[in-house]
Amino acid sequence: MGRAVRDTHWLKGLRRAWRASPRRLRFGVFVLGAFALAALAADFLAPYDPAMQDREHFHAPPATLYWMDQKGEWSWRPYIYRSRLEDRIEMIYREDRTQAFSLKFFVAREEYRLLGVLPCRVKLFGVDAPARIFLFGSDGLGRDVLSRLLYGARVSLSIAAAALLISFPLAIGIGSLAGYYGGAVDFVCMRAVELFLALPAFYLIIALSSALPRDVAPEARAASIMAMIALFGWASLARIVRGMVLGLRERDFVASARAAGCTDWRILRRHVWPQIAGLMLVQAALAAPGFMLAEVTLSYLGLGVQEPLPSWGGMLATGQNVLALTGFWWTLAPGAAILFVCFGFHMLADGLREALDPRAASLDWGD
Amino acid sequence: MWRIVIRRLLALAPLLLAVALGAFLLVRLAPGDFLSELSLNPQVSPETVAAMRERYGLDLPWYEQFGRWLSRAVRGDLGYSLACHCAVAGQIAVHVFQTTVLAAAGLGLALAAALPLGVWSVWKRSRMLDRAITAGVSILLAWPTFLWALGALLLAAGTGWFPIGGISSIENEKYSTAEKFIDLLHHLALPAAVVALKQAPHYLQTLRAGLAEAMVEDHIRAARARGVAESRLLVRHALRNAINPLLTMFGQGVGALLSGTFIVETVLSWPGIGSLAVGSLLARDLDMLVACLLYAAILLAMGNLLADLMLAAADPRIRRPQRG
């Protein structure tokens, strides 16, 4: 892709590549980009603090936005009614129709730091004081599901991304060593790979997670969960890398580079890795959902990220209670988010594969 | 072929030792054990706890505990579960069997769906059907098992058509053998379907690619020229070639199958080795957890071995490997 547009400015080249790329790839980039942005800007997008509990509004259903006032006229801005818990046993909420609270954008709240740096006091939306808006409903402790979803995206996505960033360089390094040097290095590396592939990863991760001290900060625990997931993620990829490097090692351009006196490091960096970069990206996109789901499953079982840090798996843990599952379906919102991210990665991988090798993309029946 | 089996089994021994030691150390590293939880119970006196601690050797240093455990384990005694008050070996055997049942049912269901659908779709050669299957496979591939399991739970809880978790009804004791079997199938349906949903698209995709590749080969053209019917061509000639990549796929998928059953077991509370591992972990039931990890490694190794053996049985080139 890059070669044809070498003479133009790189941004222009990027734009051309973007236009020429398969639709699936663009879809994947859009979806994942949207989630990444939402996670980064959670402070701005989320109406409430994810840990803020509300005893008057537990398991509140998603708020209904009204666009028409009671006389049947279109309202110039949507509004909600305050919902009150009418029956604590049957969990029935009733809207108080006497007073409407209009949805306001860019409302002032207490100061926070946007992206961790910019001091900012504006939130995207909110309603006036006595009322609270639960666009996606609230959970069993009266916490806003939307806010938790946004902050949880930070935790869940960054664990997946960090695990990917650790395990992939590891895989590429070990795979390249094994494939490039062969012999004893190869033997040792491949035995290590086989060992990791022969281990039942999930079982060991849960055992590892239990060995973590219980009294560490939730952030530290999240980081160690990430490290454990990364530890079990590199092996299968290292094997793929080794195979590819093994093939490339015998090619003429590597031989000529070696004859020209290039160091091994330079050969790997300038001649071998660029050849496998595309396929590595595909593999990364294919592996990413697995990394995220490992965290989700662990947190669902209560062994991963701990409260009060919100994570998608931890939010879904309420689904273990069957009554909550059917009665308060909105608490399953993270499930939809997980699905979107999985599809995003799948499309990204598929689109990348097609962009790299258009012929292999579709099944050809040969007639 | 037997040499492969023996070599694999021999290679398994150090692996299992490593897993056992690793699991042992991990559980020791974890804060607290079953008895420290028990000592929180006001009805149990500290003397009782101390006596139990001594009786089960929980007061010894870890290497002595491991040595004791190992010497008993090689004689088939995997220890005693303090949480269920029973021998670990019996419990493990039951749960390993139930995991195997789940995995086998899921696999069977996946193959029962993928094989006919794959062959039929290649036979039809309809562009619409191809598109539909490609799209369907793409969606199924991206859809995580965890969400299928959660969806199944929702289905069972919402409609009441299926039991919510477990392996048998409460009245199971009173049932006749046939009723017990039906009861088992009823409980198995959702978990197996979830396992199958993750496996089937892989099989379908591989099978279709393999069939499409095989159908344009020379021996198929020759057979077609001899007047062999298209359906026979597909099932008798092409499918044989396409089955190889399918078996390879199965081999690569054994690990995924095991992690799939793990998720299904824990979400849908199927009493297999995965849910047993999580349960014993939460109860700090040391012997049981170590045994679970051990048997998970054994299951994985057996699955891989089975896949290799099936591949060897299907492909004579693999049965007699060229040295080198």
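Within each chain, residue numbers correspond to sequence positions counted from 1 in written order. Lettering for chains starts from A, numbering for ligands starts from 1, and both go in the order in which the items are written. Per-residue local features are limited, in this predicted model, to residues with pLDDT of at least 70; the limit for side-chain atom pairs, both in listing and counting, is 80 or more; totals at the level of whole chains, interfaces and linings are taken over all residues. By convention in this description, side-chain values take in all heavy atoms of the structure and omit both hydrogens and water.

Here's the deal with the overall build of chain A
Secondary structure assignment for chain A yields 13 helices and five strands. Seen through its principal axes, chain A has C-alpha atoms that stretch 85 × 50 × 50 Å. For every residue, the accessible area obtained with a 1.4 Å probe (protein chains only) is divided by the maximum for its type, and the residue is called buried under 20%, exposed over 50%, and partly exposed between those limits. Looking at chain A residue by residue over its 367 residues, the buried ones come to 47%. Contacts are residue-level and defined by heavy atoms, with any inter-residue pair within 4.5 Å sufficient. Put simply, 66% of the contacts in chain A that link residues at least 6 apart link residues at least 24 apart. Only the protein chains shown count as cover for residues, with accessible areas throughout obtained via the Shrake-Rupley method and a probe of 1.4 Å. Of the roughly 18800 Å² that chain A leaves accessible, carbon and sulfur atoms contribute 62%. A run of H or I in DSSP counts as a helix once it spans at least four residues, and a run of E counts as a strand once it spans at least two, with each numbered from the N terminus.

Focus on the nonpolar core
Remark: nonpolar core denotes a set of buried residues (Ala, Val, Leu, Ile, Met, Phe, Trp, Tyr, Cys) joined through side-chain atoms within 4.5 Å. Counting residues in each nonpolar core, the largest one holds 181 residues, and the members touching the most others are Met292, Trp312 and Ile338 of chain A together with Trp69, Phe146 and Leu211 of chain B. When sequence neighbours within four positions are dropped, the list of residues in contact with Phe146 of chain B reads Leu293, Val296, Thr297, Tyr300 and Leu316 of chain A together with Ile263 and Val267 of chain B.

A short note on the packing of helix H2 (residues 23-40) of chain A against helix H13 (residues 333-356) of chain A
All names here are of chain A. The interhelical angle for the contact between H2 and H13, taken along N-to-C directions, is 145 degrees, at an axis separation of 7 Å. You can see that H2 and H13 cross each other, and the crossing is left-handed. Contact residues: H2 offers Arg24, Leu25, Phe27, Gly28, Val29, Val31, Leu32 and Phe35, while H13 offers Ala337, Phe340, Val341, Gly344, Phe345, Met347, Leu348, Asp350, Gly351, Leu352, Glu354 and Ala355. Basically, the charged four are Asp, Glu, Lys and Arg, the nonpolar ten are Ala, Val, Leu, Ile, Met, Phe, Trp, Tyr, Cys and Pro, and anything else, Gly included, counts as polar. When the residues that make up the contact of H2 with H13 are grouped by side-chain class, the tally is 14 nonpolar, three polar and three charged. A fitted line through C-alpha atoms serves as each axis, taken over the contacting stretch for helices, and the angle formed by two N-to-C directions is quoted from 0 to 180°. The sense of a crossing depends on the near helix, which, turned anticlockwise from the far helix by less than a right angle, makes the crossing left-handed and, turned clockwise, makes it right-handed.

Quick word on the confidence of the model for chain B
All names here are of chain B. For every residue, the predictor reports its confidence as pLDDT, a number between 0 and 100. This prediction gives chain B a mean pLDDT of 81; 92% of its residues lie at or above 70. When mean pLDDT is compared element by element in chain B, helix H5 (residues 88-124) scores highest at 88, while helix H13 (residues 316-319) scores lowest at 66. Taken together, the chains of this predicted complex give a pTM of 0.83 and an interface ipTM of 0.81.

Focus on the interface of chain B and chain A
Taken together, the contact pairs 45 residues of chain B with 38 residues of chain A. In this description, buried area is defined as the sum, over both parts, of the accessible area (probe of 1.4 Å) that is lost when the two are combined. For the chain B and chain A pair, buried surface summed over both sides reaches about 3700 Å², with 81% attributable to carbon and sulfur atoms. Of all residues in chain B, the largest losses of buried area upon contact with chain A belong to Leu26, Phe146 and Phe262 of chain B, amounting jointly to 15% of the total for that side. Here a salt bridge means any side-chain nitrogen of Lys or Arg lying within 4 Å of a carboxyl oxygen belonging to Asp or Glu. Applying the counting criterion to the chain B and chain A interface returns zero salt bridges. Nitrogen and oxygen atoms within 3.5 Å of one another constitute a polar contact, given that in protein one can donate a hydrogen and the other can accept it, and given that sequence-neighbouring residues count only through two side-chain atoms. Counting across the chain B and chain A interface gives two residue pairs in polar contact (both at pLDDT 80 or more). Within the residue set of the side of chain B that touches chain A, elements represented by two or more residues are helix H1 (2-29), helix H6 (127-142), helix H7 (145-159), helix H8 (177-215), helix H10 (230-268), helix H11 (273-282) and helix H12 (286-314) of chain B. For the side of chain B that touches chain A, a count of residues per class yields 35 nonpolar, five polar and five charged.

Some thoughts on the environment of Val305 of chain A
Residue and element names in this part refer to chain A. As for its position among the elements, Val305 is in the loop between helix H10 (264-300) and helix H11 (312-316). Residue Val305 is classed as buried on the basis of its relative accessible area of 5%. Along the sequence, Val305 and Leu37 sit 268 residues apart, while their C-alpha atoms lie 22 Å from each other. Other than its neighbours up to four places away in sequence, Val305 contacts Val155, Ile159, Ala222, Glu295, Ser299 and Ser311.

Things to note about the domain arrangement of chain B
All names here are of chain B. Here chain B is partitioned into domain 1 (2-88) and domain 2 (95-319). Domain start and stop points were drawn from an automatic or database domain assignment. The gap between the C-alpha centroids of domain 1 and domain 2 is 33 Å. Listed per partner, the contact involves 26 residues of domain 1 and 20 residues of domain 2. Summed over both partners, the interface of domain 1 with domain 2 buries about 2100 Å², with 77% contributed by carbon and sulfur atoms. It is Arg8, Leu16 and Val27 in domain 1 that bury the most area against domain 2; as a group they hold 22% of the surface buried on that side. Linking domain 1 with domain 2 are zero salt bridges. Remark: the boundary between domain 1 and domain 2 carries zero residue pairs in polar contact (both at pLDDT 80 or more). Elements with a contribution of two residues or more to the side of domain 1 that touches domain 2: H1, helix H2 (34-38) and strand S1 (80-81). With eleven residues, H1 is the single largest residue contributor to the side of domain 1 that touches domain 2. For the side of domain 1 that touches domain 2, the per-class residue count stands at 19 nonpolar, three polar and four charged.

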